[in-house]
Amino acid sequence: MKKRMATSSLVISSLVFFLSSSFVLVMGQKTSVSVNVGVILDDLESVSSKVRLSCIEMAISDFYSSRGNNTRTRLVLSIRDSRAHVVEAAAAAVDLIKNVQVQAILGPKSSMQTNFVIVLGEKARVPIISFSATSPSLTSFPSTYFYRAAQTDSSQVKAVAAIIKAFGWREAVTIYIDNEYGNGVLPYLIDALQTVQARVPYRSSIPTSATDDQIEKELYKLMTMQTRVFIVHMPGPLGSRLFAKAQKLGMMNEGYVWIMTDGLSNLLSSTNASVISSMQGALGVRTYVPKTKELITFRDQWKKQFHQQNPNIIEVELDVVALWAYDAAYALAMAVEELGTASFVYQTTISSTTSSADLETLGVSQNGYQLSRSLAKTKFTGLAGNFSFDNGQLQSSVFEILNVNGAGARPIGFWTPENGLVRNLIINSTDTSVPNLGLVMWPGEHVSIPKGWEIPTNGKILKVGVPVKNGFTEFVKVVHDNGTNTTTDVITGFCIDVFNAVMEGLPYAVPYEFIPFAYSNGSSAGTYDDLVYHVFLGEFDALAADSTIRANRSLYVDFTMPYTESGVVMVVPMKDKNRIENAWIFLKPLTWDLWLASFCSFVFVGFVVWLLEHRVNEDFRGPRTHQVGTGLWFSFSTMVFAQRERVVSNLAS
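Residues numbered from 1 in each chain as written. Predicted model: local features only at pLDDT ≥ 70, side-chain atom pairs only at ≥ 80, totals over all residues. Heavy atoms only, no water.

**Points about the overall build of the chain**
Operational definition: Segments assigned H or I by DSSP are reported as helices when at least four residues long, segments assigned E as strands when at least two residues long, and all are numbered from the N terminus. The rule is simple: take the accessible area with a 1.4 Å probe, protein chains only, and divide by the maximum for that residue type; under 20% is buried, over 50% is exposed, in between is partly exposed. Should any heavy atoms of two residues lie within 4.5 Å, those residues are considered in contact. For the accessible areas, the method is Shrake-Rupley and the probe is 1.4 Å, while residue cover comes only from the protein chains on display.
Within the chain, the secondary structure is distributed over 19 helices and 23 strands. Per-residue burial over the chain gives 42% buried out of 653 residues. Counted over contacts in the chain with a minimum sequence separation of 6, partners at least 24 positions apart contribute 68%. Surface summary for the chain: the accessible area is close to 36,400 Å², and the carbon and sulfur share equals 56%.

Put into structure tokens, the structure is as follows:
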């Protein structure tokens, strides 16, 4: 009996201890507030969407795992498929805001879709966080509720321009997709190229739904042009088709230059081998992601988890967009946790009309503005690098310069906003010359730098007018062949040499020919004014002539800077202060040879006059010294005044 009572007491004591322990555990747990968050992706069955969704889910899991039981909130994802369509993306956003009452939306994918969703987010005060919409046009109208957790396309244009400058190219053709993604970056890219003295002679736009025949037709047009430097800005699927057609047409051979923006370069790690083979020799610009220990650890964990969830997908790699998706979800979880257990509810809007449109009944998030401000202050080191927003935009980072070679792409340098192109990030150099990049294997497996242009087969020839004249042939000389009535290879002169030197100094080829301004018989067809006026009429594209710059001619043509002296001088009197002080100034023009010749002539003339006169003229008689003096004096005096000695002999006269 006592034993039974002892056993009963032990059971009751254990039960009381268990209940008290359970009560303590329940009281010790904190209740987490569920916060609805929407996710909009394209084609949920595609590999890229599965990769990005798995990164978002792992980011949320990692955030709450690192905080333990100390979190007050917990994100609950509501996933929608936009089916790669703008209207479907907008409909998904309306459904998430109206029916699910989400506090934020991650996505959508494209810039066109995001443009519509931003308006809805602004109306409902729901932050829109995009990790893949990169068009600069999205910031044309500032929004308090739009955050771009990706690098905008305008941040890479300076890196592309630096490559153009480093290799000395002066022209580049842009090939871009004809939508908001492609058109948005074009003004920024052209401005950046102009700062490095490069121009865009042609813009090649490819429609989003372009067929293979349309792509080939556009590439054929590019082949007939002189420029051989192409900047490709388009998403992966269309870009892969473009390079496949370019390889087929022989545009991936020697002499061509292809530069890809990050729309293609960021996807190279997840691109299949057949596409990589068609891009051999191309250069690429992509966002630089430091290979940290955290990234390596995450990559291993992600691969293991992804393969468990998707056993049929074997070969798959993380790209920078997936890392941006991870960082965006992590930042959102931090911002929501910062708000705490606020009331995440909507204020219902009552429509004043009988319209059944969904937009009329969209609610307004009560904590949307506070959540937006919390996002703006969020800062941390993410998988893709430092994460922080500046006016809703992810801070610009370093870009990596790639060269597609072999089975993948290898880095050949970096571009930083502070130092420009550098070989290594640890080198602080502002020199943007070619040695700052690694060895580049160009299309056609050549290491020599392409000149960036070729003479097209159907290119226009520059018609250069040349004057035909008789005088001053040192400047321009045209020799006419009367036998064949041609003037080929007989145009010479200083002006011709200067023109040829200028054309050879251009960084691109300009075919030209000299055309004499003459009739069929070789005679001049008019004056210089007529020649200049024919340029205005379009018969000549330029002149290689010794034409003087005059006001009347400047009304019709533009002159270059003068490259030779005109020869016009001005004669003015010179004042010499020493002329008055020096009485022997008259001796300066006379040389010693002239003085000696004058003296000899005086002696000779005096001797001849004495020889003829001393026999018949008493003035030339007397002592010998008198005769010598009289002869010399007579010779000298004839240059100044009439001599007093008379001359008798006719020969002496």
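Okay, back to it.
**Describing the sheet that holds strand β16 (residues 399–405)**
Defined as follows: A pair of strands is labelled paired if DSSP reports no fewer than 2 bridges between them. Axis geometry follows a simple rule: fit a line to the C-alpha atoms, using only the stretch in contact for helices, then measure angles between N-to-C directions, giving values from 0 to 180 degrees.
The sheet built from eight strands is open, its strands ordered β7-β6-β8-β9-β10-β16-β17-β18 with mixed pairing. The open sheet has two edge strands with one neighbour each: β7 (203–206) and β18 (420–422). Across the sheet, the axes of successive neighbouring strands diverge by a mean angle of 25 degrees, strand direction being ignored. Contacts between helix α6 (residues 180–195) and the sheet are confined to β6 (173–177), β7 and β8 (229–233), with β6 contributing the most and set at about 160 degrees to the helix. The sheet strands contacting helix α7 (residues 212–223) are β6, β7, β8 and β9 (257–260), and the helix crosses β7 at an angle near 170 degrees.

**Some points on the packing of helix α2 (residues 47–67) against helix α12 (residues 320–339)**
To keep things clear, this is the line we draw: Relative orientations are named as follows: roughly parallel for angles under 35 degrees, roughly antiparallel for angles over 145 degrees, roughly perpendicular for angles from 65 to 115 degrees, and oblique for any other angle. Handedness of a crossing follows from how the near helix is turned relative to the far one, being left-handed for an anticlockwise turn of less than a right angle and right-handed for a clockwise one.
Two elements in contact, α2 and α12, have axes whose closest approach is 8 Å; the angle formed by their N-to-C orientations is 40 degrees. Between α2 and α12, the interaxial angle falls into the category oblique. By crossing handedness, the relation of α2 to α12 is classed as right-handed. Within the contact between the two elements, α2 uses Val51, Arg52, Cys55, Ile56, Met58, Ala59, Ile60, Asp62, Phe63, Ser66 and Arg67 and α12 uses Val321, Ala322, Ala325, Tyr326, Ala329, Tyr330, Ala333, Met334 and Glu337.

**Digging into the packing of aromatic side chains**
Filter applied, for reference: Pairing of aromatic side chains requires ring centres within 6.5 Å, counting the rings of Phe and Tyr and the six-membered ring of Trp. Pairs whose planes differ by under 30 degrees are stacked, by over 60 edge-to-face, and all others tilted. We count a charge as sitting over a ring when the NZ of a lysine or the CZ of an arginine lies within 6 Å of the ring centre and within 35 degrees of the ring normal.
Under the defined criterion, the tally for this structure stands at 26 aromatic pairs. Taking the centre distance of 4.9 Å and the plane angle of 25 degrees together, the rings of phenylalanine 380 and phenylalanine 387 count as stacked. Accessibility classification places phenylalanine 380 together with phenylalanine 387 in one group, the buried group. Three or more aromatic residues joined by ring pairs make a cluster, and in this case those are Phe63, Tyr64, Tyr147, Phe298, Tyr326, Tyr330, Phe380, Phe387 and Phe389. Over the ring of tyrosine 64 we find arginine 74, and its NZ or CZ is 4.3 Å from the ring centre. Stacked on the ring of tryptophan 453, the Lys or Arg lysine 451 has its end atom at 4.1 Å from the ring centre.

**Concerning the side chain of threonine 134**
Inspection of the secondary structure puts threonine 134 in the loop between β4 (128–130) and β5 (146–148). Threonine 134 gets classed as buried once you look at its relative accessible area, which sits at 8%. Sequence-distant contacts of threonine 134, defined by excluding residues within four places in its chain, comprise Ser111, Arg148, Ala150, Gln151, Thr152, Asp153 and Tyr181.

**Concerning the nonpolar core**
In summary, soluble globular proteins display a tendency toward joint burial of nonpolar side chains. The test is simple: We call a set of buried residues a nonpolar core when its members are Ala, Val, Leu, Ile, Met, Phe, Trp, Tyr or Cys and they connect through side-chain atoms within 4.5 Å of each other.
Leu75, Leu106, Phe131, Phe298, Trp302 and Leu332 are the most contacted members of the largest nonpolar core, which has 54 residues in total. Counting residues per element, the ones that place at least two in this core are β1 (33–41), α2, β3 (104–106), α11 (293–309), α12, α13 (368–376) and β14 (385–390). Val160, Ala166, Ile259 and Val440 belong to the second-largest nonpolar core, a separate cluster that totals 35 residues.

**Focus: the confidence of the model for the chain**
Using the following cut-off: A score from 0 to 100, pLDDT tells how confident the predictor is in each residue.
In this model, the chain carries an average pLDDT of 84, and 83% of its residues clear a pLDDT of 70 or more. Across residues 1–29 the pLDDT falls below 50, and counting only partners more than four positions away or on other chains, this stretch makes zero contacts in the model. Predicted confidence for residues 429–435 stays below pLDDT 50, and this span has 13 contacts to residues more than four positions away or in other chains.

**Quick notes on the pairing of strand β10 (residues 283–287)**
Most of β10 is tucked away: four of the five residues are buried. Bridging between β9 and β10 involves two bridges; their strand directions are parallel. When the sheet's bridge partners are listed, isoleucine 259 is paired in β10 with leucine 283.

**Quick look at the environment of arginine 80**
Here is the rule: For this analysis, a polar contact is any N or O atom pair within 3.5 Å, provided that within protein one partner can donate a hydrogen and the other can accept it, and provided that sequence-adjacent residues contribute only side-chain to side-chain pairs.
Its location among the elements puts arginine 80 in strand β2 (residues 73–81). Counting along the chain gives 16 residues from arginine 80 to leucine 96, while the straight-line C-alpha distance between them is 8.3 Å. The residues contacting arginine 80, other than those within four sequence positions of it, are Val39, Ile40, Leu41, Leu44, Ala92, Asp95, Leu96 and Val100. Of the polar contacts made by the side chain of arginine 80, one reaches the side chain of aspartate 95; its length is 2.8 Å.

**Here's the deal with the pattern of salt bridges**
Which entries qualify depends on this criterion: Here a salt bridge means any side-chain nitrogen of Lys or Arg lying within 4 Å of a carboxyl oxygen belonging to Asp or Glu.
What the rule picks out here adds up to 14 salt bridges. As a salt-bridge pair, arginine 241 and aspartate 212 come within 3.1 Å of each other at their nearest N and O atoms. Taken as a pair, arginine 241 in helix α8 (residues 236–248) and aspartate 212 in helix α7 lie far apart in primary sequence, 29 residues in all. In this structure arginine 241 comes out as partly exposed when scored by relative accessible area, which is 30%. Residues lysine 469 and aspartate 546 are paired through a salt bridge, measuring 2.3 Å at the closest nitrogen-oxygen approach. With lysine 469 in the loop between β19 (462–467) and β20 (477–478) and aspartate 546 in the loop between β23 (542–543) and α16 (551–554), this pair connects stretches of sequence that are 77 residues apart. Classification of lysine 469 as partly exposed rests on a relative accessible area of 23%. One continuous salt-bridge network, built from bridges that share partners, spans Asp212, Glu216, Arg241, Lys245 and Lys248.

**Looking at unusual backbone geometry**
In this structure, proline 108 follows glycine 107 across a cis peptide bond, with omega equal to -5 degrees. The backbone of aspartate 43 shows a phi angle near 50 degrees, a positive value even though the residue is not glycine. Its place among the elements puts aspartate 43 in the loop between β1 and α2. For aspartate 43, a relative accessible area of 38% gives the class partly exposed. Of note, the phi angle at asparagine 391 is positive, near 55 degrees, even though the residue is not glycine. By secondary structure assignment, the location of asparagine 391 is in the loop between β14 and β15 (393–394).

**As for the packing of α2 against α11**
Selection criterion: In this classification, the charged set is Asp, Glu, Lys and Arg, the nonpolar set is Ala, Val, Leu, Ile, Met, Phe, Trp, Tyr, Cys and Pro, and all remaining amino acids, among them Gly, are polar.
Close contact between α2 and α11 brings their axes to 11 Å; oriented N to C, the two are set at 115 degrees. When you trace α2 past α11, the crossing you get is right-handed. Contact residues: Lys50, Val51, Ser54, Cys55, Met58 and Asp62 in α2; Phe298, Gln301, Trp302, Gln305 and Phe306 in α11. Classifying every residue of the contact of α2 with α11 gives six nonpolar, three polar and two charged.

**Observations regarding the sheet that holds strand β22 (residues 512–517)**
Spatially, three strands are ordered β22-β19-β23 in an open sheet, and the strand pairing comes out parallel. One side of each edge strand has no neighbouring strand; the edge strands of this open sheet are β22 and β23.

**What about a nonpolar patch on the surface?**
The condition is simple: Only residues whose relative accessible area exceeds 30% and that take part in no salt bridge are eligible for patches, with like-charged residues grouped when within 9 Å of each other and nonpolar side chains (Val, Leu, Ile, Met, Phe, Trp, Tyr) grouped when within 5 Å.
On the surface, a cluster of nonpolar side chains totalling about 520 Å² of accessible area is made up of Tyr533, Phe536, Leu537, Leu555 and Tyr556. By secondary structure assignment, the location of leucine 555 is in the loop between α16 and α17 (578–581). On the accessibility criterion, leucine 555 (66% relative accessible area) is exposed.

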